[in-house]
Structure formats: structure tokens, C-alpha cells
Amino acid sequence: DSWAGHHVRDGLIALGNVLVGEHVLDAIEAGYEEAAASSFEERLMRALEAGRDAGGQHGGQNSAALLVYAERAYARVDLRVDLHDEPVGELRRIWDSYKTAIEYYWRRQVDPTVAPLHETVTDQSF
């Protein structure tokens, strides 16, 4: 049987459908809360991983995304993995490579005089 529902907490909403059980939402919340000292994007990534590790959806997952908006009309972070055997793991790999460049891309979109990425970011793991 699939489970669908949501949890609404102060500063957090966790939701899902076709889940293996409500415990997946409990895990999502815990993953998010346990990473309280991390960036918002990292907290979301940890929540996704915790939901996956708790069983996620029936039949597994084949896509995952990390989409974060801030004060601008376009996304601060927009990463997506589709049609992958382990999409959350692949999203983690991409996120770990991309996160050091977020501030660069955030500045570069409004200021074309910002130096090229290879001159700006010291950790160039991407």
C-alpha cells in the first residue's frame, strides 16, 4: 500500500505521495533538522537523502531535484537528475561539485564584470 500525506511544522513542510509509509516524512524532517548548522540547500539535500534511506517511494526513485529561490526572480540553485538508477546519490555528487560555485553564479548574473569562475573559486572540484 502506498502512503500519501504531509507534515507541517514551524519553518518546515514535508510531503510526498506513493511513499512506503509516513515514517519517510519523519526521516525527511529529521534529516533537515539534523543539518541545522548547514546551508539551506545542504539541509534540503540531507532531507532528500534521509527520505530515500527510509524507503522513499514504492519501486524506488528515478529522479531528484534541488531547486532554491532567494530574492531574485530566478533560481539560486537549480539542479536536477532524471532517469537515473540512484538519482538522489547522483544529485549529491552534482551538488557537492556545484556548491562552491553558487556565490560566483549568483554575483555573475547581475554583474558581468565578475572575474571568470576559474579565477574566482579556489575549490574547483567541478
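Let me sum up the structure you'll find in this document.

## Here's the deal with the packing of helix α1 (residues 23-34) against helix α2 (residues 40-53)
- One way to put it is that α1 packs onto α2 with a least axis distance of 7 Å and a crossing angle of 150 degrees. Taken together, the axis directions place α1 and α2 in an arrangement best described as roughly antiparallel. Read as a crossing pair, α1 and α2 show a hand that is right-handed. Facing Val24, Ala27, Ile28, Gly31, Tyr32 and Glu33 of α1, the residues of α2 in contact are Phe40, Arg43, Leu44, Arg46, Ala47, Ala50 and Gly51.
- Classifying every residue of the contact of α1 with α2 by side-chain character gives eight nonpolar, two polar and three charged.

## Here's the deal with the layout of surface pockets
- Put simply, the largest pocket is a space of about 780 Å³.
- Every residue lining the largest pocket is counted, 29 residues in all, and those nearest its centre are Leu15, Ile28, Ala47, Leu48 and Ala65.
- The set of elements that each furnish at least two residues to the lining of the largest pocket consists of β2 (12-19), α1, α2 and β3 (63-69).
- A total of seven residues in the lining of the largest pocket trace back to one element, the largest contributor, which is β2.
- Here the residues of the lining of the largest pocket are counted per class, giving 17 nonpolar, 10 polar and two charged.

## Description of the pattern of salt bridges
- Counting across every chain of the model gives 14 salt bridges.
- Linking aspartate 82 and arginine 80 is a salt bridge whose minimum nitrogen-to-oxygen distance equals 2.8 Å.
- The partly exposed category is assigned to aspartate 82, whose relative accessible area is 43%.
- Across the pair glutamate 90 and arginine 93 runs a salt bridge whose closest N-O atoms are separated by 2.7 Å. Residue glutamate 90 and its partner arginine 93 are located together in helix α3 (residues 87-98), separated by three residues, close to a single helical turn.

## Section: α3
- The terminal C-alpha atoms of α3 lie 16 Å apart, and with 12 residues this matches the ideal 16 Å at 1.5 Å per residue to within 8%.
- Looking only at α3, the buried set comprises Pro87, Val88, Glu90, Leu91, Arg92, Trp95 and Ser97.

## Let's talk about unusual backbone geometry
- Positive phi values are uncommon outside glycine, yet valine 18 reaches one of about 60 degrees.
- Here valine 18 is to be found in strand β2.
- For valine 18, a relative accessible area of 38% corresponds to the partly exposed category.
- At leucine 83, a position not held by glycine, the phi torsion is positive, near 50 degrees.
- If you trace the backbone, leucine 83 turns up in the loop between β4 (75-82) and α3.
- Of the residues examined, leucine 83 reaches a relative accessible area of 78% and is grouped as exposed.

## Describing the packing of aromatic side chains
- Following the criterion strictly, the structure yields four aromatic pairs and no others.
- For the ring pair tyrosine 32 and phenylalanine 40, a centre distance of 6.4 Å and an interplane angle of 85 degrees mean the geometry is edge-to-face.
- Between the aromatic rings of tyrosine 98 and tyrosine 105, the centroid separation amounts to 5.8 Å while the plane-to-plane angle is 10 degrees, which identifies the pairing as stacked.
- Grouped by ring-pair contacts, the aromatic residues Tyr98, Tyr104 and Tyr105 constitute a single cluster.
- A cation over an aromatic ring shows up here: arginine 43 above the ring of tyrosine 32, its NZ or CZ 3.8 Å from the ring centre.
- Directly above the ring of tryptophan 106 sits arginine 72, whose terminal nitrogen or CZ lies 4.0 Å from the centroid.

Cut-offs applied
Residues numbered from 1 in each chain as written. Predicted model: local features only at pLDDT ≥ 70, side-chain atom pairs only at ≥ 80, totals over all residues. Heavy atoms only, no water. Axes fitted to C-alpha atoms, helices over the stretch in contact; angles between N-to-C directions. Helix = DSSP H or I, 4+ residues; strand = E, 2+ residues; numbered from the N terminus. Parallel < 35°, antiparallel > 145°, perpendicular 65-115°, else oblique. Left-handed = near helix turned anticlockwise from the far one by under 90°. Contact = heavy atoms within 4.5 Å. Nonpolar A, V, L, I, M, F, W, Y, C, P; charged D, E, K, R; others polar. 1 Å grid on protein atoms, 1.4 Å probe; cavity = no way out; pocket = protein on both sides within 12 Å on 5 of 7 lines; lining within 4 Å. Points joined across faces, edges and corners; volume = space filled by probe spheres on them. Salt bridge = Lys/Arg side-chain N within 4 Å of Asp/Glu carboxyl O. Buried < 20%, exposed > 50% of the residue type's maximum accessible area, 1.4 Å probe, protein only. Expected span 1.5 Å × (residues − 1). Phe/Tyr/Trp six-rings, centres within 6.5 Å; stacked < 30°, edge-to-face > 60°. Lys NZ or Arg CZ within 6 Å of the ring centre and 35° of its normal.

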